[in-house]
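Listed here are the chains, written in short residue letters.
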Amino acid sequence: MEAFQRIILVHYHEIGLKGHNRSTFEKRLQKNLEALLALWPVVTVHRVAGRLVVFLKEGTSFEEACAVTDALVLTPGVARVSCGFKCARDMEVIGRAALDALADAGPFETFKVHGRRNHTDFPVDSMAINRQIGEVLCLAHPDKRVRMKDPDVTVNVEVVQNAAYVYARSVRGIGGLPVGSSGKAMCLLSSGIDSPVALWRTARRGATCVAVTFSGRPQTSDAAEYLVDEICQVLQKNGCVGRLYVVPFGDYQREISLMAPPALRIILYRRLMFRVAQALARKERAGALVTGESLGQVASQTMENIACTNAVVDLPVFRPLIGMDKLEIIGDAQRLGTFEISSQDAPDCCTLFMPRSPETHAKLPVVEEAEAQFPIDEWVEELVASAEPHDYACPSYKPPKSR
């Protein structure tokens, strides 16, 4: 009996709602998948009948196909990933492929068949596909029951122009838009739990993300930088980050802590960070800043303090987590795979020279008065010049041209 070629069907949802520019989004997702699957046993990736089909090499095992599936489910733009087979447009052959697909689906008690033909040149219509393939599966599994509503397994049969695709194992993806379809964003990234999730959520909306992290070096060790690098390595698995700028920030925090009112230190730190992030964003031609702030979570994230920080930049500032609570953010971090990394203790600029009682309702004139004693413009130039770039695998990222 022949061995069928294994395929991975990549379904999308939001892309399918686009109008005349739908093909642009599809091509972007296709390019992202081709790059991300370069080291896997993949022959090619094609756009077929409103989805992408990943054709796997002959002899690819079920375990390898599952690993490819798992690699795709966290890729922005992917709504669902299905593992199955390509076969000839012949009902007897489709029946055998359906048996193989059902065997890959794992333990089950109930099932149904969902047939669909995309071309009427195939003589068997969808209802007849359901009956005939369902009969084959019932004969092979007499102890199992057919259930039309909420079965344990659905065996899908899609007849397209030159072949049939049969699959039963299907895993939900994260949806959204493919990275590279919505411009570029500069994300403030730390080794904490929140900011990696904010970056990831921004990438899910199609933005190519560049990150900047502010290190407490030389006032602290560089341990937090290694954690941020580990986080970026997780994010790059699905093409969510293209570059990280590491900015040594400790000496500037020390200067602020020696001369500024203690209660205003955090706001002054963040205003300086935002200025540097915006300068790097201009260099990268990014259209927005992104932070991991959640309203009211800590002292710097009150409405008044956020307003004081926003006042120093003119780029829009996106806050994807602003309405989420900590448990929701932790859930996303666990799904993304960064939670364990972020849970490790490491000294960084966020814990350096922190006041006992930070201001929670800052007034902008008071903050500006406290800041006026510092050579802010000079500091921004120095910090931008000291930024250390580290590149990661992101198919849509292109480094800025040197001037």
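Right above here is the structure, for reference.
The structure reproduced in this document is the subject of the present report. Here the residue index of a chain counts from 1 through its sequence in written order. The predicted origin of the model limits local features to residues at a pLDDT of at least 70 and limits the giving and counting of side-chain atom pairs to 80 or more, whereas totals for whole chains, interfaces and linings rest on all residues. Excluded from the side-chain calculation are hydrogens and water; included are all heavy atoms of the structure.

## A closer look at the packing of aromatic side chains
Two aromatic rings, taken as a pair, are described by how far apart their centres are and by the angle between their planes.
Line of reasoning, step 1. Classification of ring pairs rests on two measures: the distance between centres of Phe, Tyr or Trp rings, Trp counted by its six-membered ring, which must be within 6.5 Å, and the angle between planes, read as stacked under 30 degrees, edge-to-face over 60 and tilted in between. Going through the model one piece at a time under the given rule, you end up with 5 aromatic pairs.
Line of reasoning, step 2. Look at Phe-4 and Phe-85: their rings are 6.3 Å apart centre to centre, the planes differ by 65 degrees, and that puts the pair in the edge-to-face class. Of this pair, Phe-4 sits in the segment before strand 1 (5-11) while Phe-85 sits in strand 4 (residues 78-87); the two residues are 81 residues apart in sequence, bridging distant segments of the chain. Of the two residues, Phe-4 and Phe-85, neither departs from the other in class, the shared state being buried.
Line of reasoning, step 3. One aromatic cluster is present, formed by Tyr-252, Phe-374 and Trp-379 through successive ring pairs.
Line of reasoning, step 4. Its end group placed over the ring of Phe-108, Lys-144 keeps NZ or CZ at 5.3 Å from the ring centre. The secondary structure listing takes helices from DSSP runs of H or I that are at least 4 residues long and strands from runs of E that are at least 2 residues long, numbered from the N terminus. A 1.4 Å probe rolled over the protein chains alone gives each residue an accessible area, and that area as a share of the maximum for its type sets the label: buried under 20%, exposed over 50%, partly exposed in between. Should the NZ of a Lys or the CZ of an Arg lie within 6 Å of a ring centre and within 35 degrees of the ring normal, that charge is described as sitting over the ring.

## Description of a negative patch on the surface
Line of reasoning, step 1. In this scheme, patches are assembled from residues that exceed 30% relative accessible area and form no salt bridge. Like charges are connected within 9 Å, while nonpolar side chains (Val, Leu, Ile, Met, Phe, Trp, Tyr) are connected within 5 Å. Per-residue accessibility takes into account occlusion by the displayed protein chains alone, with areas from the Shrake-Rupley method and a 1.4 Å probe. Salt bridges are identified by distance alone: a Lys or Arg side-chain nitrogen within 4 Å of an Asp or Glu carboxyl oxygen. His is not counted, nor are the chain ends, whereas Lys and Arg count as positive and Asp and Glu as negative. A charged residue contributes its charge at one atom only: NZ of Lys, CZ of Arg, CG of Asp or CD of Glu. Together, Asp-377, Glu-378, Glu-381 and Glu-382 give the surface a local cluster of negative charge.
Line of reasoning, step 2. Among the secondary structure elements, Asp-377 is positioned in helix 13 (residues 376-386).
Line of reasoning, step 3. Look at Asp-377 and you get exposed, because its relative accessible area is 63%.

## Comments concerning the packing of helix 8 (residues 265-284) against helix 9 (residues 303-310)
Line of reasoning, step 1. Interaxial distance between helix 8 and helix 9 falls to 8 Å at its minimum, and their mutual angle equals 40 degrees. Our classification of the angle between helix 8 and helix 9 gives oblique. In this structure, the crossing between helix 8 and helix 9 has a hand that is right-handed. In this structure, helix 8 contributes Ile-267, Arg-270, Arg-271 and Phe-274 to the contact, and helix 9 contributes Asn-305, Cys-308, Thr-309 and Asn-310.
Line of reasoning, step 2. For this classification, the nonpolar set comprises Ala, Val, Leu, Ile, Met, Phe, Trp, Tyr, Cys and Pro, the charged set comprises Asp, Glu, Lys and Arg, and every other residue, Gly included, is treated as polar. Tallied by class, the residues present in the contact of helix 8 with helix 9 amount to 3 nonpolar, 3 polar and 2 charged. Each axis is a line fitted through C-alpha atoms, and for a helix only the stretch in contact is used; angles between axes span 0 to 180 degrees, taken between their N-to-C directions. When an angle is under 35 degrees it counts as roughly parallel; over 145 it counts as roughly antiparallel; between 65 and 115 it counts as roughly perpendicular; any other value is oblique. Two helices that cross are described as forming a left-handed crossing if the nearer one is turned anticlockwise from the farther one by less than a right angle, and a right-handed crossing if clockwise. A contact between two residues is defined here by any heavy atoms of the two lying within 4.5 Å.

## So, the side chain of Thr-302
Line of reasoning, step 1. Among the secondary structure elements, Thr-302 is positioned in the loop between strand 12 (288-290) and helix 9.
Line of reasoning, step 2. Within the structure, the side chain of Thr-302 is placed 2.6 Å from the backbone oxygen of Thr-360, a separation counted as a polar contact.
Line of reasoning, step 3. In this view, Thr-302 contacts Leu-295 and Thr-360; residues no more than four positions away in its chain are not counted. For the purposes of these results, a polar contact is taken to be a pair of N or O atoms within 3.5 Å, where, inside protein, one atom must be able to donate a hydrogen and its partner to accept one; residues adjacent in sequence count only when each atom of the pair is a side-chain atom.

## Considering helix 2 (residues 62-72)
Line of reasoning, step 1. Of the positions making up helix 2, those classed as buried are Ala-65, Cys-66, Val-68, Thr-69 and Leu-72. All buried residues of helix 2 project into a common sector of 160 degrees when viewed along the axis, lining one side.
Line of reasoning, step 2. Its buried side turned inward, helix 2 meets strand 1, helix 1 (22-36), strand 3 (51-56), strand 4 and strand 8 (164-175). Each direction from the helix axis to a C-beta atom contributes to the arc, which is the arc of those directions.

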